[in-house]
Amino acid sequence: MTRTLTIRRPDDWHLHLRDGAMLRAVLPETARHFARAIIMPNLVPPVVTGAQAKAYRDRIMAALPEGSDFTPLMTLYLTENTDPDDVAAAHQAGLVHAVKLYPAGATTNSASGVSNFDNVRPVLERMAETGLPLCVHGEVTDPDIDIFDREAVFIERVLDPIRRATPGLRVVMEHITTSDAVAYARAQGADLAATITTHHLVINRNHILAGGIRPHYYCLPVAKRETHRLALREAATSGETRFFLGTDSAPHTDANKLLPCGCAGCFTATNTMSVLAQVFEEDGTLSNLEAFTSLNGPAFYRLPVNDKTLTLEKSAPDYPGHIDTDDGPVTVFDPGTPLTWSVT
């Protein structure tokens, strides 16, 4: 039985850090284990321009614990008024590593997102020319579409038409939740990849609803049927280069999670590596953990693999149940079973 596992230091290719007091509280949880992360731009107001991305990066760097070597990889929030020249300049300067597409109203702070996709075509065409990836929150927001079907409908109605109309556009399907998305990703070429979260490998919709509502498992895209969860696990643990980790770790205070209309998001930054080691061990694929967390993402984003390493050992970790912030406590994701791997 494997007792220790050393891998290249992992990266998180989808992370919410928020701002202000929340940023200062949760950033150390990611910086402890991860070398880099793609930072989501859905602040209020959103990070739309290169200048705003630089200012946000500066605030992140100022909040890092002393001695940390964590690197934030910035993104821009795509709106129907986004300037293609500004995007291209920010990318050329090495400031921005992706642009994020939120369909308007799809998730937290997405009101400024896209409603008419024809209006963002000039930006997408410029991104295809320069090789800048488009990160996609893949859900339609039509009220007549069932929330459990919104990812599959998005692939058919929005994603595939965008890609056909914009040859060469590099796309990351973020936080996929369905077997439909797994199958679509596998049928495409090297210009498309998909991230999978920690929590979607562990929970299905029963965990949210059966036996009582569990708000800390509520996320968007919402967890689906068990068949979909198993498809995600098979994809994540397969070692295939098109799948890699994007935790979508999303901190909300308990007060906001427990409202009558509570916030969507699971905060997994603290214990992700222990949870993933357990998942991969259970599926007999521990040797593929490094590919999922440390190799496949850099390859798609055309970045070098991290030089430093991270070691896990077979022992029960001691993680806090919540993180204290000036705004109130943030509950750490509970995988529902005792963890057996620790980061040394």
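Summarised in this report is the structure supplied together with it. Every chain is numbered independently, its residues counted from 1 as its sequence is written. Only residues with pLDDT of 70 or above have their local features reported here, since the model is predicted, and side-chain atom pairs are shown and tallied only from 80 upward, although totals for entire chains, interfaces and linings are computed over all residues. Think of the side-chain values as coming from all heavy atoms in the structure, minus any hydrogens and water.

## Considerations on empty space enclosed by the protein
As defined here, a cavity is a set of points on a 1 Å grid over the protein atoms alone where a 1.4 Å probe fits but cannot get out. A pocket is an open set with protein on both sides within 12 Å along at least five of seven lines, and residues line them when an atom is within 4 Å of a point. Grid points are joined across faces, edges and corners, and a volume is the space filled by probe spheres set on the points. Under the counting rule described, the total for this entry stands at four cavities of 30 Å³ or more. Empty space within the largest cavity amounts to approximately 120 Å³. Put simply, the second largest cavity is a space of about 60 Å³. Contributing to the lining of the second largest cavity are His 216, Ala 250, Pro 251, His 252, Lys 257, Gly 265, Cys 266, Phe 267, Val 330, Thr 331, Val 332 and Phe 333. When residues are sorted by character, Ala, Val, Leu, Ile, Met, Phe, Trp, Tyr, Cys and Pro go into the nonpolar class, Asp, Glu, Lys and Arg into the charged class, and all the rest, Gly among them, into the polar class. Taken together, the residues of the lining of the second largest cavity sort by class into seven nonpolar, four polar and one charged.

## Details of the packing of aromatic side chains
Pairing of aromatic rings covers Phe, Tyr and Trp, the last through its six-membered ring, and needs centres within 6.5 Å; plane angles under 30 degrees mean stacked, over 60 mean edge-to-face, and all others mean tilted. Evaluated as defined, the whole model comprises eight aromatic pairs. Ring centres 5.7 Å apart and planes at 40 degrees place the aromatic pair Phe 280 and Phe 292 in the tilted group. Pair noted here: Phe 280 is in helix H10 (residues 272-282) and Phe 292 is in helix H11 (residues 289-301), with a separation of 12 residues, a long-range link. When sorted by exposure, Phe 280 lands in the same class as Phe 292, which is buried. Summarising the aromatic geometry, the rings of Phe 300 and Tyr 301 are spaced 5.8 Å apart at their centres and angled 80 degrees between planes, so their arrangement reads as edge-to-face. The buried category is assigned to Phe 300, whose relative accessible area is 7%. Exposure classes here rest on a 1.4 Å probe applied to the protein chains alone. A residue is buried below 20% of its type maximum, exposed above 50%, and partly exposed in between. Assessed through its relative accessible area of 7%, Tyr 301 is described here as buried. Positioned above the aromatic ring of Phe 300 is the side chain of Arg 170, whose terminal nitrogen or guanidinium carbon lies 4.3 Å from the ring centre. The ring of Phe 148 carries Arg 205 above its face, with NZ or CZ at 4.7 Å from the centroid. Secondary structure elements follow DSSP: runs of H or I no shorter than four residues count as helices, runs of E no shorter than two count as strands, and numbering proceeds from the N terminus. Sitting over a ring, as applied to charges here, requires NZ of Lys or CZ of Arg to be within 6 Å of the ring centre and within 35 degrees of the ring normal.

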